[in-house]
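This is what each chain is made of:
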Amino acid sequence: MDEIKTNIQGARIGNGNAGKYQLSLVLHNLREVEILRPVLGEHPELTYYYDGTDITFYLLIILPHLNKQIRIPVNASSGTLKWLDIINNGLVDTLSLAYFDGKGGLIRQGKAIRLGYRGHSTSEPV
């Protein structure tokens, strides 16, 4: 599956609705958010790749309608490794796009997108 290169600055997992969580992809500015939103489509899927030996794991946003993926590297700290359990338990069900407000905060833009879960891998995806 081909990769779409993006300018995603990071990812955050935070509280969502009804005991679920929301994955926020952080971009530089509103224009980048507006460009990426239509690319995501209506049914993106979340998965990740982590072999347990590296200091980085990769969140993968699968775009079935394009047969492409977006790969986001995440430093594997004690806080972010908790994300993997949350994802495995199907608790991340929405995706939002955000950008920095220039004052240290985030501005989420637009309505959250429903997010499916595809499972995870311990071997590098093709």
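Preceding block: the structure.
Before going into details, it helps to say that this report is about the structure given with it. (Residues numbered from 1 in each chain as written. Predicted model: local features only at pLDDT ≥ 70, side-chain atom pairs only at ≥ 80, totals over all residues. Heavy atoms only, no water.)

### Regarding the pairing of strand E5 (residues 56-63)
The condition is simple: Between buried and exposed lies partly exposed: a residue is buried under 20% and exposed over 50% of the maximum accessible area for its type, with that area taken using a 1.4 Å probe on protein chains only. Here a strand is any run of E in DSSP of at least two residues, a helix any run of H or I of at least four, and the numbering for each starts at the N terminus. Should DSSP find at least two bridges between two strands, the strands are regarded as paired.
For E5, the tally of buried residues reaches eight of eight residues, placing the bulk of the element in the interior. Side chains of E5 alternate between two faces, with Thr-56, Tyr-58, Leu-60 and Ile-62 and Phe-57, Leu-59, Ile-61 and Leu-63 buried alike. Taken together, the five bridges between strand E4 (residues 45-49) and E5 define a ladder with antiparallel strand orientation. Looking across to E5, one finds that Tyr-48 is bridged to Leu-59. The hairpin formed by E4 and E5 contains six residues between the paired strands, and Gly-52 there has a positive phi angle of roughly 80°. Taking the residues between adjacent antiparallel strands as the criterion, E5 and strand E6 (residues 68-75) are bridged by four residues, where Asn-67 takes a positive phi near 55°.

### Focus on the sheet that holds E6
Reading across from one edge, E1-E6-E5-E4-E9 is the order of the five strands in this open sheet, with mixed pairing throughout. The sheet is open, and its two borders are formed by strand E1 (2-3) and strand E9 (116-121), each paired with just one other strand.

That is the geometry; function is a separate question.
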